[in-house]
Amino acid sequence: MKACIVGAGAIGGHVAVKLARAGATVSVLARGATLEAIRANGLVLEQDGQQLHADVKAADDAQALGPQDLVLVTTKSTALGDIARQLPPLVGPHTSVAFLQNGVTWWYPLGLPAGKPRPPQLPMFALADAFLRYLRPEQVLGGIIYSANEVLRPGVVRNNSPRNAIELAAVDDSERPAVTAARALLEQAGIESPAVREIRANLWLKLVGNACASPLSVAMGNPSALVNDPALNAVYVRMLKECLAVAAAHGYDVADQFDLTRWTQHRARHKPSMLQDYEAGRAMEVGEMVLAPVAFARAAGVDAPTLEAVSAIVARLAIDKGLFTPA
Ligand SMILES: NC(=O)C1=CN([C@@H]2O[C@H](COP(=O)(O)OP(=O)(O)OC[C@H]3O[C@@H](n4cnc5c(N)ncnc54)[C@H](OP(=O)(O)O)[C@@H]3O)[C@@H](O)[C@H]2O)C=CC1
Ligand SMILES: CC(C)(CO)C(=O)C(=O)O
């Protein structure tokens, strides 16, 4: 299978190495120092004390890579406007394009099953205009990542989690051969990719964790505080309950599936990507992970005072550092 990874950072670097080592024809759309490093030394993934290496074709111009069977977009959400312009040369009539961003992303309303509440109007939904100029809805896959990673230096990624999984599905939850094939490729590469019944249920399940742990970690500058400090832990648990209520109000009751222990497991050794961005001075996914759940709460009339308070603080921190601009 011909697969292109768009954005060779923490997640993209991990996935590209694994797919290439599993025998897929892998290319990456990268830029700047990362592109130079990949061209010079290939990509390296540090996992369980091992260094896994892969040489992959890399370019900053999608034209040089051509149409693919599978495109995995692994940039931050904040880059999706640019990606929408760069993607067309990678897309043929049978290409599947999976979007693996954390949080509420542009495809949420696309294929939303009848009977589920409509989401509030959010700025990221406007990206649909750009993507659907050249993608048919059935080519778009939603993706959820369970894999904690950080870039040590351009082209070198460290994996910080015991479990690495990517959940993929068509945005209307229909089973398609292209989705089954993409999951099989991931599994073959050692990345779990289980069947998905409702992609938005999986999105909420992950988002509940991110929407609470990530902003609290940014506010504290420390991911373990929300586990080790009893007062903060109480705030964290209140936020989780509120966020689970928001998900349920939007048709996805995932409370029984939420595993707090699993969420707190790698707090000590992994800084959430949002805290990594805050510390590195990179654009933060505040709209998608922090403000979106609050907007969904208001749309459904769910009272979420703890979520609102922490979200407001973290949005302010991001705005003041120039890492987020409210729409
Ligand atoms: N890191 C983690 O552990 C986890 C992350 N996620 C989610 O996964 C997504 C990706 O996160 P992560 O891997 O951490 O992000 P990173 O910032 O590490 O990587 C993104 C990569 O995309 C590149 N990029 C951005 N725009 C372009 C462009 N126009 N052309 C080419 N390359 C581009 C960046 O390059 P440059 O450096 O030049 O900007 C960078 O190399 C996010 O939504 C995040 O929330 C989910 C689970 C865990
Ligand atoms: C790995 C995990 C779950 C940690 O918060 C994450 O999603 C992130 O870093 O953004």
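Cut-offs and rules
Residues numbered from 1 in each chain as written. Chains lettered and ligands numbered in written order. Predicted model: local features only at pLDDT ≥ 70, side-chain atom pairs only at ≥ 80, totals over all residues. UniProt positions renumbered as here; feature names shortened; annotations may be inferred. Helix = DSSP H or I, 4+ residues; strand = E, 2+ residues; numbered from the N terminus. Near = placed C-beta within 6 Å. Nonpolar A, V, L, I, M, F, W, Y, C, P; charged D, E, K, R; others polar. Axes fitted to C-alpha atoms, helices over the stretch in contact; angles between N-to-C directions. Parallel < 35°, antiparallel > 145°, perpendicular 65-115°, else oblique. Left-handed = near helix turned anticlockwise from the far one by under 90°. Contact = placed C-beta atoms within 7 Å. Pairing = 2+ DSSP bridges. Core = buried A, V, L, I, M, F, W, Y, C linked by C-beta atoms within 7 Å. Buried ≥ 20, exposed ≤ 12 C-beta atoms within 10 Å, placed from the backbone. Domains from an automatic or database assignment. Right-handed = clockwise from strand over helix to strand, strands pointing away. pLDDT = per-residue confidence, 0-100.

As annotated in an unreviewed UniProt entry, the protein carries the name 2-dehydropantoate 2-reductase and is attributed to Ramlibacter agri. Per UniProt, the comment on the protein under Pathway (unreviewed entry) is "Cofactor biosynthesis; (R)-pantothenate biosynthesis; (R)-pantoate from 3-methyl-2-oxobutanoate: step 2/2." Looking at the protein in UniProt, the text filed under Catalytic activity (unreviewed entry) is "(R)-pantoate + NADP(+) = 2-dehydropantoate + NADPH + H(+)".

Caption draft 1: Seen up close, the UniProt feature "domain: Ketopantoate reductase N-terminal" (unreviewed entry) in the protein. The residues that UniProt annotates with the feature "domain: Ketopantoate reductase N-terminal" (unreviewed entry) are residues 4-104. The annotated region residues 4-104 carries 29% helix and 29% strand content, and the separation between its end C-alpha atoms amounts to 23 Å.

Caption draft 2: Region of the structure containing the site of ligand 1. Gly 7, Gly 9, Ala 10, Ile 11 and Asn 102 are the nearest of the 29 residues found near ligand 1. Elements supplying a minimum of two residues to the shell around ligand 1: helix H1 (10-21), helix H2 (32-41), helix H3 (80-86) and strand S9 (149-153). For the shell around ligand 1, a count of residues per class yields 11 nonpolar, 14 polar and 4 charged.

Caption draft 3: Molecular detail of the packing of helix H6 (residues 199-220) against helix H10 (residues 273-280). For the pair H6 and H10, the least separation of the axes is 8 Å and the interaxial angle reads 30°. Of the possible angle classes, the one that applies to H6 and H10 is roughly parallel. As for how H6 packs across H10, the hand of that crossing is right-handed. Contact residues: H6 offers Ser 214, Ser 217 and Val 218, while H10 offers Met 274, Leu 275 and Tyr 278. By residue class, the composition of the contact of H6 with H10 is 4 nonpolar, 2 polar and no charged.

Caption draft 4: Expanded view of the sheet that holds strand S4 (residues 50-54). If you walk across this open sheet you meet the 4 strands as S4-S3-S10-S9, and the pairing is mixed. At either margin of the open sheet sits one strand with a lone partner, and together these are S4 and S9. In this sheet, adjacent strand axes meet at a mean angle of 25° when their direction is disregarded. Of the strand pairs in this sheet, strand S3 (residues 43-47) and strand S10 (residues 156-159) are connected by 3 bridges, and their pairing is parallel. Looking at S10, one finds that Val 44 is bridged to Val 156.

Caption draft 5: Looking closely at the pairing of S4. Taken together, the 5 bridges between S3 and S4 define a ladder with antiparallel strand orientation. The residue of S4 that forms the bridge with Gln 47 is Gln 50. What sits between S3 and S4 in their antiparallel hairpin is a turn of 2 residues, with Asp 48 showing a positive phi close to 50°.

Caption draft 6: Summary view of the site of ligand 2. Taken together, Asn 102, Ala 148, Asn 210, Ala 213, Ser 214, His 270, Pro 272 and Ser 273 make up the full set of residues near ligand 2. Considering each element in turn, the shell around ligand 2 owes the most residues, 3 residues, to H6. A class-by-class count of the residues in the shell around ligand 2 yields 3 nonpolar, 5 polar and no charged.

Caption draft 7: Summary view of the nonpolar core. In terms of nonpolar packing, the biggest core is built from 102 residues, with Ile 5, Ala 16, Val 28, Leu 72, Ala 98, Val 208 and Cys 243 touching the most fellow members. Top contributing element to this core by residue count: H6, with 11 residues. The two domains that each donate at least three residues to this core are domain 1 (2-197) and domain 2 (201-320). Among all residues touching Ile 5, those that are not within four sequence positions of it are Gly 12, Val 15, Ala 16, Val 26, Val 28, Leu 72 and Thr 74.

Caption draft 8: Structural detail: the packing of helix H11 (residues 286-300) against helix H12 (residues 305-320). At a minimum axis separation of 10 Å, H11 and H12 run at an interaxial angle of 145°. Regarding H11 and H12, the two cross each other, and that crossing is left-handed. Here H11 contributes Val 286, Val 290, Leu 291, Pro 293, Val 294 and Ala 297 to the contact with H12, which in turn contributes Leu 307, Glu 308, Ser 311, Val 314, Ala 315 and Ala 318. Tallied by class, residues from the contact of H11 with H12 come to 10 nonpolar, 1 polar and 1 charged.

Caption draft 9: Here's a closer look at the pairing of strand S7 (residues 96-99). The two faces of S7 match: Ser 96 and Ala 98 on one face and Val 97 and Phe 99 on the other face are all buried. Of the pairings in the sheet, the one linking strand S6 (residues 70-73) to S7 comprises 4 bridges and is parallel in character. Across the sheet, the residue bridging to Val 71 is Val 97, located in S7. As a crossover connection, the stretch from S6 through H3 into S7 is right-handed.

Caption draft 10: Expanded view of the confidence of the model for the protein. When the pLDDT values of the protein are averaged, the result is 96; 98% of them are 70 or greater. Overall fold confidence (pTM) sits at 0.97, and the ipTM for the predicted complex is 0.98.

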